[in-house]
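Chains, contacts and geometry: an overview
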Amino acid sequence: MARRKKETVEGTVESHIDTVARFIKHCFKGSQEANIRLRFGETYLIGGLLYTFNKDVLGGMIESGRVKVTYENDAEVNFRGISS
């Protein structure tokens, strides 16, 4: 997952659910839990598509029950994947 700033990359986001699922996927490395840090308002290139992380995506990730917030402030959030 790469963070992009002010670059044009081909790709579109299909839906809010797809965006949430893509970010959740990065909380795991295979079947292993992983930690990630995301910044609000940043656009990330995942699988050739651009996804922007915001408060709505954060809410969807938490509602999924698949991630745990380990740190949050106004600028960024740290997550840990939760194996089910």
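Residues numbered from 1 in each chain as written. Predicted model: local features only at pLDDT ≥ 70, side-chain atom pairs only at ≥ 80, totals over all residues. Heavy atoms only, no water.

1. Considering the overall build of the protein
A count of helices and strands for the protein gives 2 helices and 8 strands. Starting at the N terminus and ending at the C terminus, the protein contains elements arranged as β-α-β-β-β-β-β-α-β-β. Across the 84 residues that make up the protein, the buried fraction comes to 33%. By sequence separation, contacts in the protein at least 24 residues apart represent 57% of the contacts at least 6 residues apart. As displayed, the protein has an accessible area near 5,500 Å², and 46% of this comes from carbon and sulfur atoms. (Helix = DSSP H or I, 4+ residues; strand = E, 2+ residues; numbered from the N terminus. Buried < 20%, exposed > 50% of the residue type's maximum accessible area, 1.4 Å probe, protein only. Contact = heavy atoms within 4.5 Å. Areas by Shrake-Rupley, 256 points an atom, 1.4 Å probe, with all protein chains shown as cover.)

2. A look at the sheet that holds strand 4 (residues 35-39)
Think of a sheet as strands paired side by side through backbone hydrogen bonds, with each pair either parallel or antiparallel. In spatial order, the strands read 4-8-7; together these 3 strands make up an open sheet with antiparallel pairing. One side of each edge strand has no neighbouring strand; the edge strands of this open sheet are strand 4 and strand 7 (67-72). Each adjacent strand pair in this sheet contributes to an overall mean axis angle of 30 degrees, direction not counted. Pairing of strand 7 with strand 8 (residues 76-81), which is carried by 5 bridges, proceeds in the antiparallel orientation. Residue pairing for strand 8: Glu72 is matched across the bridge by Val77. Those strands touched by helix 2 (residues 55-64) are strand 4, strand 7 and strand 8, and its axis lies near 135 degrees from that of strand 7. (Pairing = 2+ DSSP bridges. Axes fitted to C-alpha atoms, helices over the stretch in contact; angles between N-to-C directions.)

3. Digging into helix 2
Those residues of helix 2 not exposed but buried are Val57, Leu58, Gly60 and Met61. The arc that holds every buried residue of helix 2, seen down its axis, measures 165 degrees, which confines them to one face. For helix 2, exposure combined with an orientation more than 90 degrees from the buried face picks out Asp56 and Glu63. On the buried face of helix 2, the contacting elements are helix 1 (16-25), strand 4, strand 6 (49-52), strand 7 and strand 8. Following helix 2 by one or two positions, Gly65 has its phi on the positive side, about 75 degrees. (Arc of directions from axis to C-beta.)

4. Details of the pattern of salt bridges
Following the criterion strictly, the structure yields 5 salt bridges and no others. The residue Arg37 makes a salt bridge to Glu76 at a minimum N-O spacing of 4.0 Å. One end of the pair, Arg37, is in strand 4; the other, Glu76, is in strand 8, with 39 residues separating them in the sequence. Arg37 sits in the exposed class, given a relative accessible area of 55%. A residue is classified by how much of its surface remains accessible, and Glu76, at 11% relative accessible area, is buried. (Salt bridge = Lys/Arg side-chain N within 4 Å of Asp/Glu carboxyl O.)

5. Focus: the packing of aromatic side chains
Going through the model one piece at a time under the given rule, you end up with 5 aromatic pairs. On the basis of an interplanar angle of 75 degrees and a centroid distance of 6.5 Å, the ring pair of Phe23 and Tyr51 is categorised as edge-to-face. Of this pair, Phe23 sits in helix 1 while Tyr51 sits in strand 6; the two residues are 28 residues apart in sequence, bridging distant segments of the chain. Judged by relative accessible area, Tyr51 falls into the buried class, the value being 0%. (Phe/Tyr/Trp six-rings, centres within 6.5 Å; stacked < 30°, edge-to-face > 60°.)

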